[in-house]
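In case you want the letters, here they are:
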Amino acid sequence: MEEELSAAVELVDSHAHLEARHFAADREEVIARAIAAGVMRIVNAGASLPASEASITLAEAHETIYPAVGIHPHDAKTLSETTWVALQALARRPDVVAIGEIGLDFFYNLSAREQQVDAFRRQLALARALDKPVIIHDRDAHAETLAILRELGPYRGVLHCFSGDAAMAEAVLDLGYHIGVGGPVTFRNARVLPDIVRRLPLDRLLLETDAPYLAPQPHRGQRNEPAYVRYVAERVAELRAMSLAEIAQATTANAVVLFRLDHRPTKRG
Ligand SMILES: [Zn+2]
């Protein structure tokens, strides 16, 4: 039987994909379980133009959800001039809290590397022009990602599902970025990430699920959902020898400030 996660602490899931087809059958229940577990705010990342549109639609129906829009490196090949114009229009909306997820994925290479780099650069420039934070995906492209971020200079955003080493963590922290930590920190074979999490400045740490992907222990291998960010928080608290309440309070404050989650221009208040 699955134990119920209680709402003793308030958490933010700073990265989820609730518009994904994986949630078609029970999306409302998933969102209700998140709220019941104290996950009061969820940043829903856009991975393509249709996913970004769906992210906005979902956020319009749910107070809990804050939309981000962007073209994932997998979909960089879809960034035509038409797509770019449409994406810019979405990005300008006051309810859109970030540009992402954007970045480089040299593991799957589902789009050509030159297309990925072009899409990443254009969207980084768009975020700066709009003064919005970025949500960065980097898989097996650490050197290239860092080179681009360094070239552009200090900015704000998150290296989501951080998979770099300690030196890269230090470099992106120096540039002003946050580090997003999700399910992989709970995996029993995790070595590098727990060490980074132990030493990270507390004010740069964000918790996330990347739901439906990368479910934490004890749900590894199953569909992930925002309520499970609690398992990530528990592991991070253990690694830092802090209480769950302290980690929840700090990471919630970090996400609220970075994504301006207390500011909801097109919604109530
Ligand atoms: Zn993602």
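Before reading further, recall that the structure is shown in the block above.
This is a predicted model, so every value here is computed, not measured. (Residues numbered from 1 in each chain as written. Predicted model: local features only at pLDDT ≥ 70, side-chain atom pairs only at ≥ 80, totals over all residues. Heavy atoms only, no water.)

*Asks:* Just checking my understanding: could you explain the pairing of strand β5 (residues 134-139) for this structure?
*Replies:* Working note: regular strand, side chains alternate between the two faces of the sheet. For β5, the tally of buried residues reaches five of six residues, placing the bulk of the element in the interior. Pairing of strand β4 (residues 98-105) with β5, which is carried by five bridges, proceeds in the parallel orientation. The residue bridging isoleucine 99 from the neighbouring strand is valine 134, located in β5. This β-α-β element, β4 to helix α4 (residues 113-130) to β5, shows right-handed connectivity. With three bridges connecting them, β5 and strand β6 (residues 157-159) associate as parallel partners. Bridge pairing links valine 134 to glycine 157 in β6. Regarding the hand of the β-α-β motif, the stretch spanning β5, helix α5 (residues 142-152) and β6 is right-handed. (Buried < 20%, exposed > 50% of the residue type's maximum accessible area, 1.4 Å probe, protein only. Helix = DSSP H or I, 4+ residues; strand = E, 2+ residues; numbered from the N terminus. Pairing = 2+ DSSP bridges. Right-handed = clockwise from strand over helix to strand, strands pointing away.)

*Asks:* Even after reading the chapter, I still don't get the coordination of the zinc ion, so can you show me in this structure?
*Replies:* For a metal bound by four donors in a tetrahedral arrangement, the ideal donor-metal-donor angle is 109.5 degrees, while six donors in an octahedral arrangement ideally sit at 90 or 180 degrees. Around the zinc ion, the protein contributes the donor atoms His15 (NE2), His17 (NE2), Glu101 (OE) and Asp210 (OD), which lie 2.0 to 2.3 Å from the metal centre. For the zinc ion, the four donor atoms in the first shell make angles of 88 to 176 degrees at the metal, a pattern classed as irregular. All donors of the zinc ion come from a single chain, and their spacing in sequence reads H-x1-H-x83-E-x108-D. Within this pair, whereas glutamate 101 is found in strand β4, its partner aspartate 210 is found in the loop between β8 (205-207) and α8 (229-239), the two being separated by 109 residues in sequence. Judged on exposure class, the residue glutamate 101 and its partner aspartate 210 are both buried. (Donors = N, O, S within 2.8 Å, 3.2 Å for Na, K, Ca; no water. Tetrahedral: all angles 85-135°; square planar, octahedral: opposite > 155°, others 65-115°.)

*Asks:* In this structure, what is going on with the environment of glutamate 208? I would like to understand it.
*Replies:* By the secondary structure assignment, glutamate 208 is in the loop between β8 and α8. Each C-alpha atom of the pair glutamate 208 and valine 229 lies 6.0 Å from the other, and the pair is 21 residues apart in sequence. Setting aside anything within four residues of it in sequence, one finds glutamate 208 in contact with Asp13, Ser14, His15, His160, Cys161, Gly180, Val181, Gly182, Gly183, Val229 and Val232. For glutamate 208, the side chain forms a polar contact with the side chain of histidine 160, separated by 2.8 Å. (Contact = heavy atoms within 4.5 Å. Polar contact = N/O pair within 3.5 Å; in protein donor to acceptor, adjacent residues only side chain to side chain.)

*Asks:* In this structure, what is going on with the nonpolar core? I would like to understand it.
*Replies:* With 69 residues, the main nonpolar core has Leu18, Val134, Leu149, Phe162, Val172, Tyr177 and Val236 as its most contacted residues. When sequence neighbours within four positions are dropped, the list of residues in contact with valine 134 reads Ile99, Ile102, Leu124, Ala127, Tyr155, Arg156, Gly157, Val158 and Tyr177. Ranked by size, the runner-up nonpolar core spans 14 residues in total, among them Val12, Val97, Ile135 and Leu261. (Core = buried A, V, L, I, M, F, W, Y, C linked by side-chain atoms within 4.5 Å.)

*Asks:* How do you make sense of the pattern of salt bridges when you look at a structure like this?
*Replies:* When the charged atoms of two side chains with opposite charge come close together, those side chains can pair. Applying the stated rule across the entire model yields 13 salt bridges. The salt bridge involving glutamate 60 is made with arginine 93; its shortest N-O contact spans 3.1 Å. Placement of glutamate 60 in helix α2 (residues 49-61) and of arginine 93 in the loop between α3 (81-92) and β4 is noted, with a sequence separation of 33 residues between them. For glutamate 225, the salt bridge identified is with arginine 223, shortest N-O distance 3.8 Å. Note on glutamate 225: relative accessible area 3%, which makes it buried. What you see here is one network of salt bridges that share partners, running through Asp26, Arg33, Arg223 and Glu225. (Salt bridge = Lys/Arg side-chain N within 4 Å of Asp/Glu carboxyl O.)

*Asks:* Which parts of the structure should I look at to understand the pairing of strand β1 (residues 11-16)?
*Replies:* Most of β1 sits inside the fold, with six of its six residues counted as buried. Strand direction decides the pairing type here: β1 and strand β2 (residues 39-44), joined by four bridges, are parallel. Bridging across to β2, valine 12 finds its partner in arginine 41. Following the chain from β1 across helix α1 (residues 27-36) to the adjacent parallel β2, one finds a crossover that is right-handed.

*Asks:* Got a minute to help me understand the environment of alanine 211 in this structure?
*Replies:* Counting through the fold element by element, alanine 211 comes out in the loop between β8 and α8. Residue alanine 211 is classed as buried on the basis of its relative accessible area of 0%. In this structure, the C-alpha to C-alpha distance between alanine 211 and histidine 15, residues 196 residues apart in sequence, is 7.5 Å. Beyond its immediate stretch of four places on either side in the chain, alanine 211 contacts His15, Ala16, His17, Phe23, Asn224, Glu225 and Pro226.

*Asks:* Before we go on, may I ask you to explain α1 in this structure?
*Replies:* Residues that lie three or four places apart on an α-helix share one face, since the helix turns once every 3.6 residues. Those residues of α1 that fall on the buried side of the exposure criterion are Arg27, Val30, Ile31 and Ala34. The arc that holds every buried residue of α1, seen down its axis, measures 95 degrees, which confines them to one face. On its buried face, α1 is in contact with β2, α2 and β3 (65-69). Looking one or two places after α1, you find glycine 38, whose phi comes out positive at around 90 degrees. (Arc of directions from axis to C-beta.)

Geometric values such as these leave the question of function open.
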